[in-house]
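Analysis of the macromolecular model
Chain residues, written in single-letter form:
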Amino acid sequence: MIDYTQRTNRILQQLPPSGIRRFFDIANEMEDVISLSVGEPDFHTPWHIREEGIASLEKGRTRYTPNRGFAALRQEIGRFLSRHYAVDYDPATEILVTVGGSEAIDLCVRSLLNPGDEVLIPEPSFVCYVPITRMAGGVPVTVETRAENGFRLTAEALEAKITAKSKLLILPYPNNPTGAVMRREDLEAVARVVERHGLLVLSDEIYAELTYGGAAHVAFSSLPGMRERTVLINGFSKTYSMTGWRLGYAAGPREILALMTKLHQFAIMSAPTTSQYAAIEALKNGDEDVAYMRRQYDLRRRLIVDGLNKMGLPCFEPEGAFYVFPSIQSTGLTSQAFCEKLLYARRVAVVPGDAFGASGEGYVRISYSYSIAHIAEALERIHAFLQHDL
Amino acid sequence: MLENESLLELLEEDAKLTPAQLSAMLGVSEEEVRSAVARLEKEGVIKGYRTLVNWERVSAPAATALIELKVTPKKDTGFDEIAGRIMNFPEVRSVALMSGGFDLAVTVAGKTMSDIAMFVARRLAPIEGVLSTATHFVLTRYKEGGVIFHSEYEEIDERGSNLCD
């Protein structure tokens with residue numbers, strides 16, 4: 001018998017298993033569960049975008065694309081970034097098309113880190129930054145964010161975690177799971193710390209198009225001096241409801257992008273061809289679809305924030321992505337216990353906040369990428385749960 | 001400020017939304033929602049609240065047909081008078097004046113196809129000014145009122161609970 005623990009990667013073995021896997025397994029087994037747990041849009045990919053993918057297949061366009069992605073797509077990405085966030089990147093050398101934003105994150109971290117380098121990761125946040133950092137031989141250093149600051153990263157909190165080994169800051173805004181966004185002045189304060197300590201920045205802006213209440217997204221690389229330090233990551237999944245197409249991109253200094261492209265060509269070759277054809281259409285003619293979906297998300301956001309606040313689960317006003325992050329501390333339960341009880345008692349599935357880092361304890365993540373009727377029903381059940389089952 | 005368009009769009013999508021829910025979504029008071037709805041009802045902007053039923057899922061399927069009518073418009077009243085006569089029949093579900101190859105599009109519902117055929121022959125065709133009729137029966141409803149009816153294409157939520165989303 002082979003002892004596989006001796007023959008497989010030790011870092012990977014030691015990564016803790018996901019705490020919420022078991023929870024999802026229970027939810028999936030149960031009947032009549034209303035879920036508010038997923039992190040992908042409920043909208044279908046707009047039809048004109050799907051049609052372009054289909055048309056490319058009909059024409060037999062089924063081969064690899066250039067490693068960096070089609071030139072036409074990179075050009076459209078460049079135009080999009082310039083039009084929406086006033087940042088300019090050279091499509092030939094500063095933009096790379098990847099398999100989802102996730103691949104871009106992985107490439108970026110692996111391209112930048114040497115063993116022992118520290119990566120500053122605000123929490124609560126997307127669950128992949130820590131494992132990816134570890135696999136790259138880096139040391140994750142979490143920076144807790146708090147509800148009283150709107151879950152924004154403050155310069156003070158960041159400064160407090162910086163050491164001589166700090167290399168990279170991950171900026172995950174608009175934020176999953178809290179819905180927090182960073183305003184220009186918040187980013188400027190962070191930029192001063194970045195400058196002072198010579199950090200690099202991975203700015204994960206996958207939810208950039210989904211912000212509400214007037215304040216448009218500010219790309220970190222648009223701040224003075226930050227372009228040369230920042231890799232901007234975005235993609236098509238959340239913006240255009242294209243999760244299954246697996247398409248994202250990175251934009252940044254050509255020296256870093258050259259390394260990421262080298263790694264990408266060895267590991268992946270090129271991002272899916274059909275998806276790239278569809279994505280060109282999305283960027284060219286998709287602004288109205290995005291505006292429509294943003295409006296729908298905003299209506300749902302208002303409904304759910306109002307509902308949760310009224311039933312006594314205080315909710316800071318989320319301004320981006322499609323999540324709310326209410327405090328459940330008034331119930332006296334842990335996040336895990338709250339979610340399990342809610343699931344068993346009323347068959348509503350939400351995600352425990354501590355799944356996104358220890359500082360998420362006392363909160364739950366509720367997704368509003370569901371229909372209004374679905375959300376209304378779930379809110380009724382949560383209300384009944386709070387009144388009768390605690 | 002309550003925008004009527006936003007309110008109407010929400011209600012058109014789902015008439016069951018309560019004033020409380022609408023007030024949260026639109027950022028106005030419940031009272032404003034109530035009075036706006038009352039006003040829109042009174043003004044005839046809101047014409048009613050109904051349920052979208054997929055009758056094909058119920059045991060006895062009803063028949064529906066689209067009738068194309070070519071008519072001669074009256075000198076003074078144009079198409080209005082003839083349309084008015086047609087829409088008084090309870091069997092008639094909708095009447096619209098069309099551009100193109102025919103004049104009036106009339107949808108008719110009945111228990112069976114032959115009921116509808118008889119209705120067209122006895123009631124519609126003899127009306128003065130009706131030049132010709134062409135009856136097209138609905139065989140399957142794929143989509144109606146913006147909602148997909150056909151089971152193979154019905155909306156299903158196949159999103160799993162991915163940890164890394």
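**So, the overall build of chain A**
Looking only at helices and strands, one finds 14 helices and 12 strands in chain A. Relative to the compact-globule value of 21 Å for 390 residues, chain A shows a C-alpha radius of gyration of 21 Å, a close match. The long-range share in chain A, meaning contacts at least 24 apart out of those at least 6 apart in sequence, stands at 76%. A total of about 16,000 Å² of accessible surface is found on chain A, and carbon and sulfur atoms cover 50% of it. Of the side chains in chain A, 41 bear a positive and 46 a negative charge, and the two mean positions are spaced by 4 Å.

**Observations concerning the nonpolar core**
Met260, Ile304, Leu308, Phe338 and Ile366 of chain A together with Leu7 of chain B are the most contacted members of the largest nonpolar core, which has 87 residues in total. With residues near it in sequence (within four places) discarded, Phe338 of chain A still touches Leu313, Ile328, Thr331, Leu333, Val364, Phe385 and Leu386 of chain A.

**Looking at the packing of aromatic side chains**
All names here are of chain A. In the structure shown here, the tally under the stated rule is 18 aromatic pairs over all chains. Ring centres of Phe70 and Tyr277 lie 4.8 Å apart, and the angle between their planes is 55°; this geometry places the pair in the tilted category. Separated by 207 residues along the polypeptide, Phe70 in the loop between helix H4 (47-58) and helix H5 (71-85) and Tyr277 in helix H11 (residues 273-285) bring together distant segments of the chain. For Phe70, a relative accessible area of 18% translates into the label buried.

**Comments concerning the sheet that holds strand E4 (residues 130-137) of chain B**
All names here are of chain B. Spatially, E2-E3-E1-E4 is the arrangement adopted by the four strands of the open sheet, whose pairing is antiparallel. Of all strands in the sheet, those with a lone pairing partner are strand E2 (92-97) and E4, marking the two edges. Between one strand axis and the next, the sheet turns by 20° as a mean value, whatever way the strands run. The pairing of strand E1 (residues 63-71) with E4 spans seven bridges and is antiparallel. Residue pairing in the sheet places Ile67 in a bridge with Thr135 of E4.

**Details of the interface of chain B and chain A**
Facing the 19 residues of chain B at the interface are 30 residues of chain A. Approximately 1,900 Å² of surface area, both sides summed, lies buried where chain B meets chain A, with 55% of it carried by carbon and sulfur atoms. At the junction of chain B with chain A, the criterion picks out one salt bridge. Linking Arg295 of chain A and Glu9 of chain B is a salt bridge whose minimum nitrogen-to-oxygen distance equals 2.5 Å. The interface formed by chain B and chain A holds three residue pairs in polar contact (both at pLDDT 80 or more) in total. Contributions of two or more residues to the side of chain B that touches chain A are made by helix H1 (4-13) and helix H2 (19-26) of chain B. Considering only residue class, the side of chain B that touches chain A consists of seven nonpolar, six polar and six charged.

**A closer look at the domain arrangement of chain B**
Each assigned domain of chain B is listed here: domain 1 (4-42) and domain 2 (55-144). For domain 1 of chain B versus domain 2 of chain B, the separation of C-alpha centres amounts to 34 Å.

Cut-offs and rules
Residues numbered from 1 in each chain as written. Chains lettered and ligands numbered in written order. Predicted model: local features only at pLDDT ≥ 70, side-chain atom pairs only at ≥ 80, totals over all residues. Heavy atoms only, no water. Helix = DSSP H or I, 4+ residues; strand = E, 2+ residues; numbered from the N terminus. Rg over C-alpha atoms; globule rule 2.2 N^0.38 Å. Contact = heavy atoms within 4.5 Å. Areas by Shrake-Rupley, 256 points an atom, 1.4 Å probe, with all protein chains shown as cover. Lys, Arg positive; Asp, Glu negative; His and termini not counted. Charge placed at Lys NZ, Arg CZ, Asp CG, Glu CD. Core = buried A, V, L, I, M, F, W, Y, C linked by side-chain atoms within 4.5 Å. Buried < 20%, exposed > 50% of the residue type's maximum accessible area, 1.4 Å probe, protein only. Phe/Tyr/Trp six-rings, centres within 6.5 Å; stacked < 30°, edge-to-face > 60°. Pairing = 2+ DSSP bridges. Axes fitted to C-alpha atoms, helices over the stretch in contact; angles between N-to-C directions. Buried area = accessible area lost by both parts, 1.4 Å probe. Salt bridge = Lys/Arg side-chain N within 4 Å of Asp/Glu carboxyl O. Polar contact = N/O pair within 3.5 Å; in protein donor to acceptor, adjacent residues only side chain to side chain. Nonpolar A, V, L, I, M, F, W, Y, C, P; charged D, E, K, R; others polar. Domains from an automatic or database assignment.

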